[in-house]
Structures are given as C-alpha cells and as structure tokens.
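Chain residues, written in single-letter form:
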Amino acid sequence: MIQSLRGMNDILSEEYERFEYFLSVASTIAKRYGFHYIETPLLEETALFKRSVGESSDIVGKEMYQFIDKGENDVCLRPEGTAGVVRAFVQHKLDKKGGIHRFYYHGPMFRYERPQKGRLREFHQFGVESFGVDSVYEDALMIMMVADILKALGIGYRLKLNSLGDQHCMPEYRKKLVTFIESCDDAICGDCERRKLINPIRVLDCKNEQCQNLYTNAPKLLDNLCDGCQNDFDTLKTILDQHNIAYEIDTNLVRGLDYYSKTAFEFVSDNIGSQSAIAGGGRYDRLIEFLDGKPTPAVGFALGIERLMELIIMPEPVREGYYLGAMDVAALIPILLCAEKIRRSDKAVVEYEPRSLKAHLKGADRINARYCAVIGENELTQNSIWVKDLVEKTESLIPLNDFFV
Ligand code: HAM
C-alpha cells in the first residue's frame, strides 16, 4: 500500500474544520489590521532562498527540497514564505512605487527535517509581511496581531523578545563574539565551527548542551546595541507594557533565518512538547536590497498552523442547514428537488436510503442539522414536506409549492 511520505500528513475533514476555523480567524484579524492577501508559488529558484534565508542556516544548508527541473533550472519547494513575498514585491516594482504595502498569506512550506511531534516536512504557515514602515510601532503591531489571533483562538503563550542590532552595531559585536568563540575553540561542536565562519551569532542558538554551557559567558547582543537599536528596543518594550502584553527578554534568540535585524520575537507554548515555537518573526530591513530591490524597511511573522491545531478552542458547534430524507422511494425525487431549492441559500444534505422518521431524526442529529425535512406517504398525497426545527422544537407541514420559493 502506498503511504504518504514521512512528515507529510493528510488533513481530513474533521481536522480541516479546525484548520478552516483558524484561517478564518487569522484572516479576519489580518484584514482588520489592513493586510491584503498575496499568493506566491510553492516552487522558486533555489538562489532566492540562498540569498535570503542564508547559506549558514540549517534550512538552506540541510533542509531544502531542491532539484533540477526539466529545463535545467535549480529550484526548490519553499521552506518559508517571506522570501517569495519579497521576490514578488520587487518583481512587481512595488519597492519603486514607495508607500506602505501589507500582505498576509497562508499555505504549505517544506523542510527536510527529522520528523517528530510538531515537526513536519510539509507544514502550513499563516504569515504577514509589512513593507515601507521604518518605525518600531510596526514591530509592535506585528506582535499585537499575533497576540490578538492567539487570544481569539483561546491559546495561551509566552513571548520571547530580542534585538539583533543593525549594520551599525552588529559588525563590532560579531568581532567580539568571534574572539570569544575562538577562546573556547577546542570545545565547540562541528556545527558551531561552521557557524563561526559564516554567521557567528548563530552559535548562540546551538542546541548542543556543551556549547550552551560555554556560551553563557559570551558577550550579549543586548549589551552591544547602538543608540538607535537600543532606543527602538526600549520603545518596543514600552508599547508592549502599555498594551499589557507580557514578554521575556531572551538575548540568545537569534531565529533560524539570516535576514533579521533589530526586533526578533518568538511565541512559544508550554503545552505542545519540545517543538514549542508557535510563531516567529521580526524586522528584516536589508532583505529587499539583498534581493535587488530598492532599500525598504520591512517586518513580519509566521504562525505554524499544525502546532496550533491541538491548542485551538473551537466555538460551540451551532446547528445549521437542512437534513432531508425520504420515508418512501417515491419521495426521493421531490426530496432532491427541495434540496436543490434550499442550496440556493442554505446547506442541504440528503439521505438517499428511505428510512423511518425516527432514523431520519437521528441522521439530522448526527450531522448537526438545524432542520430535519422528510417526505413520506402522507406528505406525498398532500404534495407537501414535513419540517422539524430542531432548535425551536417546532414542526410544520409545508406545501411543496411554498417551500423555498
Ligand atoms: P520560522 O520561525 O522558521 O519563521 O517559522 C515560523 C513558524 O512555523 C514556527 O514558529 C513554527 O510554528 C512553524 N514551523 C517551522 N518549522 C516547522 C516544521 N518543520 N513543522 C511544523 N511547523 C514548523 C519563518 O518561517 C519566517 N518566514 C517568519 C517571518 C515572516 N519572519 C518575518 N516574516
């Protein structure tokens, strides 16, 4: 029997209800904040991710679904959404147009990771990207938006916050950090050796326990910010305080992608096991120029939908639409005609098997229908349909000519 690939799941209808509910809540909130939907392809040139997510990241270094297509193009399945949105932003010359552009998106992402609970090879993100606002208020807006979405879904979280500095303070910090790493060179892991050469701050995020112990004495990002970055970080904290959004400062939070500067944040849940990050994001003011666009400030985030699924508190299901059944074979045709009329404005589900009234009422309960409508011998002779409102507990016999006219 052919099975789905490891780390790639089907989403069946019951689970999809949650999925759809999440998308409707998140999209409604994104629209309220003035964001517009954008759809970009699942397949992009490999170079796009090398130049954005970065060659030092695990995502590009180890996890890409990369291949040469029939036209000899080096392509890969997108491991994340930001790079494609930036490519589209530059390709459609919105960078030249100037002004503010705010997008939201959702869809599958692909990373060849070692699958485990909460870590898939095909997973879904809901993300937003904002272009053209050079103000830390927009960073705060991103965090408020994630907090709003999680609150609407009944999901608790902890928010981790850091600043990754910018081109003024980062080079100096990087030098200090490299000097420190070199002082403990013999003891660091192979991955950190590689990180030291390509993107040293990535070592702070190393999962190796021995490395983590060594780095407790490493120079801290937050002690090395320039005045501009420090001011922005202080303002961000003040805005969050004023909005009663609690946060923890995590000076080792560097994020798994290379394009960030200044604000970096992650939302984590303590209720889903070791893969606890439910959303992540930050500012990436240099990425647009790295992808050949006009320098444009930008900030965004993405939520991992699968990690949220079990945490979502679904609203009480409400009875909706019609269940229709025949109590006699001869009643099937009028039943189908009635269903067709209903579907012009409401939901109608038909049971084809002629059954007793009791069985049909059970059927209506099973699909949580608001109305149970049946036609039996009596109704056929009277050219009518019997309808029970299962919420109001009322019954009526309606002439077929008057039903949904
Ligand atoms: P990220 O932190 O790599 O950021 O991913 C965002 C979220 O996607 C994570 O917090 C997690 O919930 C989910 N996720 C990541 N990998 C997996 C996986 N293998 N299985 C299940 N869920 C996963 C980004 O992708 C950035 N593009 C976010 C961003 C947007 N930054 C600025 N704009």
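S.K.: Would you mind going over the packing of aromatic side chains with me for this structure?
M.R.: Given two aromatic rings, one states the distance between the centres and the angle between the planes to describe the pair. Taken as a whole and judged by the stated rule, the model has 17 aromatic pairs. When the ring of Phe 22 is compared with that of Phe 126, the centres are 5.9 Å apart and the planes differ by 90°; the resulting orientation is edge-to-face. Of this pair, Phe 22 sits in helix H1 (residues 13-32) while Phe 126 sits in strand E6 (residues 122-131), and the two are 104 residues apart along the sequence. By relative accessible area, which is 0% here, Phe 22 ends up buried. Consider the rings of Phe 265 and Phe 267, whose centres lie 6.1 Å apart with planes at 90°: the pair is edge-to-face. Residue Phe 265 shares its accessibility class with Phe 267, and that shared class is buried. An aromatic cluster is present here, built from Phe 89, Phe 103, Phe 131, Tyr 259, Tyr 260 and Tyr 284 joined pairwise through their rings. The lysine or arginine in question, Arg 121, covers the ring of Tyr 112, its NZ or CZ lying 3.7 Å from the ring centre.

S.K.: Looking at this model, I keep getting lost on the sheet that holds strand E3 (residues 66-68). Mind explaining?
M.R.: By way of backbone hydrogen bonds, the strands of a sheet pair with one another, either parallel or antiparallel. With antiparallel pairing, three strands are arranged side by side in an open sheet as E2-E4-E3. This sheet does not close on itself; its edge strands, each paired only once, are strand E2 (43-45) and E3. In this sheet, neighbouring strand axes are inclined to one another by 35° on average, regardless of whether the strands run parallel or antiparallel. By the bridge criterion, three bridges tie E2 to strand E4 (residues 74-77) in an arrangement that is antiparallel. Across the sheet, the residue bridging to Glu 45 is Val 75, located in E4.

S.K.: Got a minute to help me understand the state of the cysteines in this structure?
M.R.: Two cysteines joined by a covalent bond between their sulfur atoms form a disulfide. Using the criterion set out here, one finds zero disulfides in the structure. Its sulfur unpaired, Cys 226 is 3.6 Å from the next cysteine sulfur, which belongs to Cys 169.

S.K.: Explain the nonpolar core here, please?
M.R.: A general feature of soluble globular proteins is that nonpolar side chains tend to end up buried together. Counting 51 residues, the largest nonpolar core has Phe 131 and Tyr 215 as its most contacted members. Tallying contributions element by element places helix H4 (residues 82-91) first for this core, with six residues. If we skip the residues at most four places from it in the chain, Phe 131 touches Val 85, Val 86, Phe 89, Gly 99, Ile 100, His 101, Phe 103, Tyr 284, Ile 288, Thr 296, Pro 297 and Ala 298. Within the second largest apolar cluster, 50 residues are counted, among which are Ile 29, Met 142, Leu 159 and Leu 225.

S.K.: What's the story with the site of the ligand in this structure? I'm lost.
M.R.: Lining the immediate environment of the ligand, one finds 25 residues, of which Glu 80, Thr 82, Glu 113, Glu 129 and Tyr 260 sit closest. Interatomic distance of 2.6 Å between a side-chain N/O atom of Tyr 260 and a nitrogen atom of the ligand. Between an oxygen atom of the ligand and a main-chain N or O atom of Gly 304, the distance comes to 3.4 Å. Within the complex, 96% of the 660 Å² of free accessible area of the ligand lies under protein. Among the elements of the structure, E6, strand E10 (277-283) and strand E11 (298-304) are those that each provide at least two residues to the shell around the ligand. With five residues, E10 is the largest single contributor of residues to the shell around the ligand. Taken together, the residues of the shell around the ligand break down into 11 nonpolar, seven polar and seven charged.

Calculation notes
Residues numbered from 1 in each chain as written. Predicted model: local features only at pLDDT ≥ 70, side-chain atom pairs only at ≥ 80, totals over all residues. Heavy atoms only, no water. Phe/Tyr/Trp six-rings, centres within 6.5 Å; stacked < 30°, edge-to-face > 60°. Helix = DSSP H or I, 4+ residues; strand = E, 2+ residues; numbered from the N terminus. Buried < 20%, exposed > 50% of the residue type's maximum accessible area, 1.4 Å probe, protein only. Lys NZ or Arg CZ within 6 Å of the ring centre and 35° of its normal. Pairing = 2+ DSSP bridges. Axes fitted to C-alpha atoms, helices over the stretch in contact; angles between N-to-C directions. Disulfide = S-S within 2.5 Å. Core = buried A, V, L, I, M, F, W, Y, C linked by side-chain atoms within 4.5 Å. Contact = heavy atoms within 4.5 Å. Near = heavy atom within 4 Å. Polar contact = N/O pair within 3.5 Å; in protein donor to acceptor, adjacent residues only side chain to side chain. Areas by Shrake-Rupley, 256 points an atom, 1.4 Å probe, with all protein chains shown as cover. Nonpolar A, V, L, I, M, F, W, Y, C, P; charged D, E, K, R; others polar.

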